[in-house]
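Structural overview for review
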Amino acid sequence: TRGIGAAICEALASRGAAVVTCGSTDESVRLCNERAQRSCQPIVAVRADAASEQGVNHLVQAALERFGRLDVLVAAIGRPFKGSAMQTSLQDWDECQSINVRAPFIAARAVLPHLKASDMGSIVFVASIWAVTATYERVAYTVAKSGVVALARALAVDHARDGIRVNAVAPGYVDTVVLRSSLAEASPDGDID
């Protein structure tokens, strides 16, 4: 319902897709639904925790109830974590892997039976540029997003015979609230070179 995920929803809807998305807060869901209504786009946002099996099952059920089928999963799930290996607690490491790798796996596993029934089944994971390179003090996030790319490769091999395409995209810097927050943290005085 926000950032890259919201832009993907709007792009898909503008090309004729009926979209069901989720947000983790009532506010983000409300704002997404209001934007969709104003632009007359077939986007429905529901409140669901994309990092939990129950939340993902709720989202899948909402899509099936609303549109009767499911053809594509775009998993734009993630949150950056800052820290080197010495700065990253085990709790932060586990949470980063859970949000950034486990959640896309949960989503893919939930939709695979429905995608097998589709004649256009597709999964797209939103990874990060940090999946193919590295940056300073982002060890957990770099490893997690690399895991998303590996997950895409493994699922592609396993489900090609089912006619399901699986890909990952690795965007660089995108002007989102998360990026602005990271930039502000890196340079509190606003001097970004």
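Data block above holds the structure.
Calculation criteria
- Throughout, a residue's number is its position along its own chain's written sequence, starting from 1.
- Reporting in this predicted model follows two pLDDT cut-offs: at least 70 for local features of residues, and 80 or more for side-chain atom pairs to be given and counted; totals over whole chains, interfaces and linings ignore these cut-offs and use all residues.
- Side-chain numbers come from the whole structure's heavy atoms, not from hydrogens or water.
- Here a salt bridge means any side-chain nitrogen of Lys or Arg lying within 4 Å of a carboxyl oxygen belonging to Asp or Glu.
- The helix and strand labels rest on DSSP assignments: H or I over at least four residues marks a helix, E over at least two residues marks a strand, and numbering proceeds from the N terminus.
- For the exposure calls, accessible area comes from a 1.4 Å probe over protein chains only, and a residue counts as buried if that area is under 20% of its type's maximum, exposed if over 50%, partly exposed in between.
- Only strands that DSSP links by at least two bridges are regarded as paired with each other.
- Viewed with both strands pointing away, a crossover whose connecting path from the first strand over the helix to the second turns clockwise is right-handed.
- Only heavy atoms enter the contact rule, under which two residues are in contact if any of them lie within 4.5 Å.
- We define a polar contact as two N or O atoms separated by no more than 3.5 Å, with the added condition that, inside protein, one atom must be a possible hydrogen donor and the other a possible acceptor, whereas residues neighbouring each other in sequence contribute only through side-chain atom pairs.
- Each axis is a line fitted through C-alpha atoms, taken for helices only over the stretch in contact, and angles between the N-to-C directions span 0 to 180 degrees.
- Here, nonpolar core refers to any group of buried Ala, Val, Leu, Ile, Met, Phe, Trp, Tyr and Cys residues whose side-chain atoms link them within 4.5 Å.
- Two helices crossing with the near one rotated counterclockwise from the far one by less than a right angle form a left-handed crossing, whereas a clockwise rotation gives a right-handed crossing.
- Positive charge is attributed to Lys and Arg, negative charge to Asp and Glu, and no charge count is given to His or to the chain ends.

On to the pattern of salt bridges, then. All told, the structure shown has nine salt bridges when counted by the stated rule. Across the salt bridge formed by R35 and E10, the nearest N and O atoms sit 3.2 Å from each other. Here R35, found in helix α2 (residues 26–38), pairs with E10, found in helix α1 (residues 3–14); they are 25 residues apart in sequence, far enough to count as distant. Look at R35 and you get partly exposed, because its relative accessible area is 26%. The shortest N-O distance in the salt bridge between R30 and E34 comes to 2.7 Å. Of this pair, R30 and E34 both sit in helix α2, separated by four residues, roughly a single helical turn. We classify R30 as partly exposed; its relative accessible area is 36%.

Of all five residues in strand β1 (residues 19–23), five are buried; the element is thus mostly enclosed. Covered by surrounding structure in β1 are V19, T21 and G23 together with V20 and C22, the residues of both alternating faces. Pairing geometry for β1 and strand β2 (residues 43–47), over five bridges, is parallel. When the sheet's bridge partners are listed, T21 is paired in β2 with A45. This β-α-β element, β1 to α2 to β2, shows right-handed connectivity.

Among the structural elements, D71 can be located in the loop between α3 (53–67) and β3 (72–75). Relative accessible area serves as the criterion here: at 17%, D71 is assigned to the buried category. It is 9.8 Å that separates the C-alpha atoms of D71 and A17, two residues lying 54 residues apart in sequence. Non-local contacts of D71, meaning those with residues more than four positions away in its chain, are made with L115, S118, M120, G121 and S122. A polar side-chain atom of D71 sits 2.6 Å from a polar atom in the side chain of S118.

Across the sheet, which stays open at both edges, the three strands sit in the order β3-β4-β5 with parallel pairing between neighbours. Because the sheet does not close on itself, it has two edges, and the strands there are β3 and β5 (165–169). Averaged over all adjacent pairs, the angle separating strand axes in this sheet is 10 degrees, with direction ignored. Inspection of the sheet shows β3 paired to strand β4 (residues 122–126) by four bridges, in the parallel sense. Following the sheet pairing, A75 is matched in β4 by F125. Where helix α5 (residues 139–159) meets the sheet, it contacts β4 and β5, and its direction lies at approximately 165 degrees from that of β5.

In globular proteins that are soluble, nonpolar side chains generally tend to be buried together. Grouped together as the largest cluster of nonpolar side chains are 34 residues, with contacts concentrated most on L73, V111, I123, F125, L155 and V166. Only β1, β2, α3, β3, α4 (90–116), β4 and α5 provide two or more residues apiece to this core. The element that contributes the greatest number of residues to this core is α4, accounting for eight residues. Leave out the neighbours within four places in its chain, and I123 touches L73, A108, V111, L112, L115, R165, V166 and N167.

What follows deals with the packing of α3 against α4. Packing of α3 against α4 brings their axes to within 9 Å, and their N-to-C directions diverge by 35 degrees. The two elements α3 and α4 cross, and the hand of that crossing is right-handed. Contacts from E53, V56, N57, V60 and L64 of α3 reach α4 at I106, A107, R109, A110, V111 and H114.

What follows is about the side chain of E137. With respect to the helices and strands, E137 occurs in the loop between β4 and α5. This buried residue, E137, is left without a salt bridge; K82 holds the nearest opposite charge, at 4.2 Å. At 3.2 Å, the side chain of E137 forms a polar contact with the side chain of Q87. Reaching out from E137, the side chain makes a polar contact with the side chain of Y136 at a distance of 3.0 Å.

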